[in-house]
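Structural description and commentary
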Amino acid sequence: QVQLVESGGGLVQPGGSLRLSCAISGIAFSIYTMGWYRQAPGKQRELVAFITSERNINYADSVKGRFLISRDNGKKMVYLQMNSLRPDDTAVYYCNANGARRGLSTYWGQGTQVTVSS
């Protein structure tokens, strides 16, 4: 059974930081591209950042210089360090495991709420 379990969300003031974690089980983690997406109320889900199995990284323009994605293959974890948070970062953040490059399935976590407000 494949599971992606996010944690680390919460309420933070503008300018603050949060670190999201995603624990993955049930897949060959090291070969998957891992990503973080977010969905704000009334908006479509959007890509925040991804990191490939070769550790190539890409960020959405809106988070470049503020967010940092990383992965630990030994622990089967992926992280999103979020700094200088802004109110428009408020969303549900989802962990994603994408196996399309290898002809494998894509999986999603259940999401964790991040609220940036004073």
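These figures come from a predicted structure and were not determined experimentally. (Residues numbered from 1 in each chain as written. Predicted model: local features only at pLDDT ≥ 70, side-chain atom pairs only at ≥ 80, totals over all residues. Heavy atoms only, no water.)

1. Things to note about unusual backbone geometry
Let me state the cut-off plainly: Put simply, DSSP H or I for four residues or longer makes a helix, DSSP E for two residues or longer makes a strand, and each gets a number counted from the N terminus. The classification of residues rests on relative accessible area computed with a 1.4 Å probe and restricted to protein chains. Under 20% of the type maximum is buried, over 50% is exposed, and intermediate values are partly exposed.
With a phi close to 55°, Lys76 is a non-glycine residue in the positive phi region. Relative to the helices and strands, Lys76 resides in the loop between strand 7 (67-72) and strand 8 (77-82). For Lys76, a relative accessible area of 33% gives the class partly exposed. Positive phi outside glycine occurs at Ser84, with the angle close to 50°. Following the sequence through the fold, Ser84 ends up in the loop between strand 8 and strand 9 (91-98). Of the residues examined, Ser84 reaches a relative accessible area of 42% and is grouped as partly exposed.

2. Quick notes on the nonpolar core
To keep things clear, this is the line we draw: As used in this record, nonpolar core signifies buried Ala, Val, Leu, Ile, Met, Phe, Trp, Tyr and Cys residues forming a set joined through side-chain atoms within 4.5 Å. It only takes one pair of heavy atoms within 4.5 Å for two residues to be counted as in contact.
Counting residues in each nonpolar core, the largest one holds 30 residues, and the members touching the most others are Ile24, Met34, Trp36, Val78, Leu80, Met82 and Tyr93. If we ignore the near neighbours within four places in the chain, the residues touching Val78 are Leu20, Ser21, Cys22, Ile24, Met34, Trp36, Ile51, Ile69, Ser70, Arg71 and Cys95.

3. Some points on the pattern of salt bridges
Applied cut-off: Each salt bridge in this description consists of a side-chain nitrogen of Lys or Arg and a carboxyl oxygen of Asp or Glu lying within 4 Å of one another.
Applying the stated criterion across every chain yields a total of seven salt bridges. For Glu54, the salt bridge identified is with Arg102, shortest N-O distance 4.0 Å. Taken together, the residues Glu54 in the loop between strand 5 (46-51) and strand 6 (57-59) and Arg102 in the loop between strand 9 and strand 10 (106-108) connect sequence positions 48 residues apart. Given a relative accessible area of 42%, Arg102 falls into the partly exposed group. For the salt bridge of Asp89 with Arg66, the shortest nitrogen-to-oxygen distance reads 2.7 Å. Pair noted here: Asp89 is in the loop between strand 8 and strand 9 and Arg66 is in the loop between strand 6 and strand 7, with a separation of 23 residues, a long-range link. Look at Arg66 and you get buried, because its relative accessible area is 11%. Each of the salt bridges in this network shares a partner with another, and the network as a whole consists of Arg38, Glu46, Arg66 and Asp89.

4. A few points about the packing of aromatic side chains
How we decide: Whether two aromatic rings pair depends on their centres lying within 6.5 Å, for rings of Phe, Tyr and Trp, where Trp uses its six-membered ring; planes under 30 degrees apart make the pair stacked, over 60 edge-to-face, and the rest tilted. Throughout this description, the term charge over a ring refers to an Arg CZ or Lys NZ atom that lies within 6 Å of the ring centre and within 35 degrees of the ring normal.
With the rule as written, the count across this model stands at three aromatic pairs. Seen from their ring centres, Tyr37 and Trp108 are 4.9 Å apart, and the 65° between their planes marks the pair as edge-to-face. Within this pair, whereas Tyr37 is found in strand 4 (residues 33-39), its partner Trp108 is found in strand 10, the two being separated by 71 residues in sequence. Look at Tyr94 and Trp108: their rings are 6.5 Å apart centre to centre, the planes differ by 85°, and that puts the pair in the edge-to-face class. Placement of Tyr94 in strand 9 and of Trp108 in strand 10 is noted, with a sequence separation of 14 residues between them. In textbook terms, an aromatic cluster arises when at least three aromatic residues are bridged by ring pairs, as seen for Tyr37, Tyr94 and Trp108. Geometry around Tyr94 places Arg45 over its ring, the cationic atom sitting 3.7 Å from the centre.

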